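The primary structure of each chain is shown beneath.
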Amino acid sequence: MRRWVAVAAGVIIWVLLLCLGVGAQEMPKADRRASEVIFMMAYRDLLGRRYWSSLANISGALKKNTYFVDLYFLRSVVQRRMGNLDDAAASLRSYLEVRRNDYRGKSILRSLEDEIRSLRLALRPKASMLSATFVDARDGSVLPKLDRTFILGMGGAGKVSSLGDKLFLVDSLGDRVVIYRGGKRLASLAIKSPVAVVPLDYLNWVVLSSDGGAFRVEENQYSGAISQGPYFKHDGHISDGVALSDGAFAVTDRISGSLLILSSGGRVMGQWRPNGSGRLPELVAVDSLGSRLAVADRGRGMVYVLDWTGGSSFKEVANVRVNGVRDLTWNHEGGLFVVAEGGALFKVGPLWDGTVTLDTVARGLKDPWTVCTYQGGIMLLDQGGRQPLWGGLIYNDGAVNGLFGVMDMAIDEGDVYSLTMTSRLSPFFASIGDRFPVVRGVWQNKLALVSVSGSRRLIPEPQVVALESPDGDPSRLWRDIRAREEKGMSLPQVLLLNSNVRLGRRDQERLLAYCLMNGLRLDVAAIGVPSSPELDAVRRLTGGSLYFRAKPALTPLDGVEWTFRMPLPKVDVPLGNVSDSLVSLFVDAEDYSFREWMPFFPAAFR
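Worth saying up front: this structure is predicted, and the values here are computed from it rather than measured. (Residues numbered from 1 in each chain as written. Predicted model: local features only at pLDDT ≥ 70, side-chain atom pairs only at ≥ 80, totals over all residues. Heavy atoms only, no water.)

Novice: Any details on the overall build of the protein? Residues and values, ideally.
Specialist: Check the secondary structure of the protein and you find nine helices and 37 strands. Residue burial in the protein is summarised as follows: out of 606 residues, 57% are buried. The long-range fraction of contacts in the protein, counting pairs at least 24 apart against all pairs at least 6 apart in sequence, stands at 60%. Summing over all exposed atoms, the protein offers an accessible surface of approximately 25,500 Å²; the carbon and sulfur share of this is 52%. In the protein, 73 positive and 64 negative side-chain charges are present, and the distance between their average locations comes to 4 Å. (Helix = DSSP H or I, 4+ residues; strand = E, 2+ residues; numbered from the N terminus. Buried < 20%, exposed > 50% of the residue type's maximum accessible area, 1.4 Å probe, protein only. Contact = heavy atoms within 4.5 Å. Areas by Shrake-Rupley, 256 points an atom, 1.4 Å probe, with all protein chains shown as cover. Lys, Arg positive; Asp, Glu negative; His and termini not counted. Charge placed at Lys NZ, Arg CZ, Asp CG, Glu CD.)

Novice: How would you summarise the sheet that holds strand E36 (residues 582–589) if you had to cite specific residues and measurements?
Specialist: Read from one edge to the other, the open sheet built from five strands follows the order E25-E37-E36-E28-E29, with strand pairing classed as mixed. At either margin of the open sheet sits one strand with a lone partner, and together these are strand E25 (400–401) and strand E29 (446–448). The pairing of E25 with strand E37 (residues 592–599) spans two bridges and is classified as parallel. Counted as the bridge partner of Val-400 is Tyr-592 from E37. (Pairing = 2+ DSSP bridges.)

Novice: Could you give an account of the packing of aromatic side chains, with specific residues and numbers?
Specialist: Scanning the entire structure with this criterion turns up 24 aromatic pairs. Here Phe-428 and Phe-429 contribute two aromatic rings whose centre-to-centre distance is 5.4 Å and whose plane-to-plane angle is 80 degrees, an arrangement assigned as edge-to-face. Residue classification places Phe-429 among the buried residues on the basis of a relative accessible area of 3%. Judged by centre distance (6.4 Å) and plane angle (35 degrees), the ring pair of Tyr-592 and Phe-594 falls under tilted. Of the aromatic side chains, those joined through ring pairs into one cluster are Tyr-395, Phe-404, Phe-428, Phe-429, Trp-562, Phe-564, Tyr-592 and Phe-594. Over the ring of Tyr-202 we find Lys-166, and its NZ or CZ is 3.8 Å from the ring centre. (Phe/Tyr/Trp six-rings, centres within 6.5 Å; stacked < 30°, edge-to-face > 60°. Lys NZ or Arg CZ within 6 Å of the ring centre and 35° of its normal.)

Novice: How would you summarise the packing of helix H5 (residues 85–98) against helix H6 (residues 103–123) if you had to cite specific residues and measurements?
Specialist: Geometrically, a packed helix pair is captured by the angle between its two axes and the distance between the axes. Contact geometry for H5 and H6: axes closest at 10 Å, N-to-C directions at 160 degrees. Regarding the angle of H5 to H6, the classification is roughly antiparallel. Of the two elements, H5 crosses H6, and the hand of that crossing is left-handed. Contacts between H5 and H6 involve Leu-85, Asp-86, Ala-88, Ala-89, Leu-92, Arg-93 and Leu-96 from the former and Gly-105, Lys-106, Ile-108, Leu-109, Leu-112, Glu-113, Glu-115, Ile-116, Leu-119 and Arg-120 from the latter. Taken together, the residues that form the contact of H5 with H6 break down as ten nonpolar, one polar and six charged. (Axes fitted to C-alpha atoms, helices over the stretch in contact; angles between N-to-C directions. Parallel < 35°, antiparallel > 145°, perpendicular 65-115°, else oblique. Left-handed = near helix turned anticlockwise from the far one by under 90°. Nonpolar A, V, L, I, M, F, W, Y, C, P; charged D, E, K, R; others polar.)

Novice: Describe the pattern of salt bridges, and please don't skip the residues or the numbers.
Specialist: When the charged atoms of two side chains with opposite charge come close together, those side chains can pair. Applying the stated criterion to the full structure yields 31 salt bridges. We note a salt bridge from Glu-219 to Lys-166, for which the minimum N-O separation is 2.5 Å. Note that Glu-219 is positioned in strand E8 (residues 213–219) and Lys-166 in strand E3 (residues 166–171), a separation of 53 residues in sequence. For the pair formed by Glu-219 and Lys-166, the shared burial category is buried. (Salt bridge = Lys/Arg side-chain N within 4 Å of Asp/Glu carboxyl O.)

Novice: An account of the pairing of strand E6 (residues 194–199) is needed here, citing residue identities and associated values.
Specialist: In regular strands, side chains alternate between the two faces of the sheet. Across the six residues of E6, six count as buried, placing the element largely inside the fold. As defined by bridge partners, E6 adjoins strand E7 (residues 204–209) across five bridges and the pair is classed as antiparallel. Bridge pairing in E7 places Val-197 opposite Val-207.

Novice: Could you give an account of helix H3 (residues 51–64), with specific residues and numbers?
Specialist: Taking 1.5 Å as the rise per residue, H3 with 14 residues should run 20 Å; its terminal C-alpha atoms sit 20 Å apart, in good agreement. Residues of H3 that are buried include every one of Tyr-51, Trp-52, Ser-54, Leu-55, Asn-57, Ile-58, Ala-61 and Leu-62, and no others. (Expected span 1.5 Å × (residues − 1).)

Novice: Any chance you could break down helix H8 (residues 505–517) for me, citing the residues and the numbers?
Specialist: Because each turn of an α-helix spans 3.6 residues, side chains separated by three or four positions end up pointing in the same direction. Between its first and last C-alpha atoms H8 spans 18 Å; for 13 residues at 1.5 Å apiece the expected length is 18 Å, and the two agree. With ten of 13 residues buried, H8 lies mostly within the body of the structure. Regarding H8, the residues found buried are Gln-508, Glu-509, Arg-510, Leu-511, Leu-512, Ala-513, Tyr-514, Cys-515, Leu-516 and Met-517. Gly-519 occupies a position one or two residues after H8 and carries a positive phi of about 65 degrees.

Novice: Describe the packing of H3 against helix H4 (residues 70–81), and please don't skip the residues or the numbers.
Specialist: Viewed as axis vectors pointing N to C, H3 and H4 meet at an angle of 160 degrees, and their least axial separation amounts to 10 Å. Relative to H4, the element H3 lies roughly antiparallel. The interaxial crossing formed by H3 with H4 has left-handed handedness. Contacts between H3 and H4 involve Tyr-51, Ser-54, Leu-55, Ile-58, Ala-61 and Leu-62 from the first element and Leu-71, Tyr-72, Leu-74, Arg-75, Val-78, Gln-79 and Arg-81 from the second. Classifying every residue of the contact of H3 with H4 gives nine nonpolar, two polar and two charged.

Novice: I'd like a description of the environment of Gln-508, backed by residues and values.
Specialist: Residue position: Gln-508 is located in helix H8. The class of Gln-508 is buried, set by a relative accessible area of 1%. As for Gln-508 and Glu-115, which are separated by 393 residues in sequence, their C-alpha atoms are 15 Å apart. Those residues in contact with Gln-508, other than ones at most four positions away along the chain, are Leu-123, Leu-503, Glu-534, Ala-537 and Val-538.

Novice: So, unusual backbone geometry: which residues are in play, and what are the values?
Specialist: As a rule of thumb, non-glycine residues mostly have phi less than zero, and peptide bonds are mostly trans rather than cis. The phi dihedral of Ser-193 falls on the positive side, at around 50 degrees, and the residue is not glycine. Inspection of the secondary structure puts Ser-193 in the loop between strand E5 (184–190) and E6. In this structure, Asp-367 is a non-glycine residue whose phi angle is positive, near 50 degrees. Mapped onto the elements, Asp-367 comes out in the loop between strand E21 (358–362) and strand E22 (368–374).

Listed below in structure tokens is the structure:
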């Protein structure tokens, strides 16, 4: 018996020793020096906007030293720049699980969560927050600066439309179209009974005529000469129209009371007519948010919102009564501005969840006839075409959180570190102009002096990268961006996407955050199919343009650039608590508030 007890005890001791041995072998060995070297490599990648390389280095550093929790903080900063705000928040929470007393890290997490909420609110607002105050558009103190002589000889207004810095004024009774660029007269075209101009890209437009005719107009890129010729003929009475793709137009026919989908040859591909009895419909205006159409029916005093799914297939999303409706235009909230008789401008709230609201923006306006969005505001024109009004859009509930990122960090070493950082805002914020924001800075838990200079940047021919996804999968776009980075190519100023890209909620949020954080404009080319409303919403929130040609002439890039300068004491910044190395900026600019944070390690700049 004693023998078996001794054997059993020996087996138990052997198993325990074996378990201890296995545990000892599985315990990771920290290579602190190697992980810190790779950390600095990841940080330099971040400064150079090589985000995927930075993430790869962070993963490599974690394999060398899993206890180096500062890597989770740095990963959060990189993921935020990549538009992955949810992942950035998760990484920051992982950091705070260890550094529970890092109050600056907790503050940044709250700011990051605020950015996530603001981003989702921008894409899917529950109610409209927009209002406007109108001034004479010819006043040189506001944008746009229209030539004061443009009213001479105007017989009566058709529709007003815009693309980039170009404004198209239609004089229906005077048989002409007047085109402005940057507030200065570009051309005056003689066209019989024009009603609307449909821009295909910056240099190509289609002018629709009330008798059903359509004319193609082209501006020569080099000489500026403008040519025009017939495009198609429709047997009907056109009152307004928009392009849906490179081969489809949506036009309203006032006589038949129908919305028609026409091919580029004038063939009817689809038709919709309001249901019901009573007064005859009189469709006078149409505008598009991707494949979503808003149609104004003056005969019945209604605005209809429809999703076009091809051919004569329309899904009615909403309708709202607006007596005496004259014109309408979509805004970046996913709602509408609506002009009506009696000098009224209304707004229909965001229509993402099917809720329909109608509120008054302004009353007592002088006979407003037509409306469009232009240069970050609203352009109104009266029926006689003599009183243009421009209204800058403002938010009713105070400042809105915006997203931006600093880049081009550099230092000059003297008695202090002179840190310079540049931020190029997405063109959506161009309305801020060159007015200086109010800025506060923090470094190493202390307020830091910050000086800021702002400038308006107008780039006639911006750098562009066309991203394609034949099957509409948005993940292909990110693979293309990553491949460009791996080849050492810098980020462009404009991303050009095909309209077939279909965005889920998370894809939509990431794409918008990525563009805003990196100061990019998102343009869309509607080739083959209309853009989805979700993609068009992202485009509008970056200040992007919509084209209807495979190789479009881009609109000039209009944006804002801020340069921040901070004198900082020459204090060594060792690794070990990355939040102590943070430079934080708090920026208040007009209706927007921004916050940015970046680690600052002087050794990385030497």
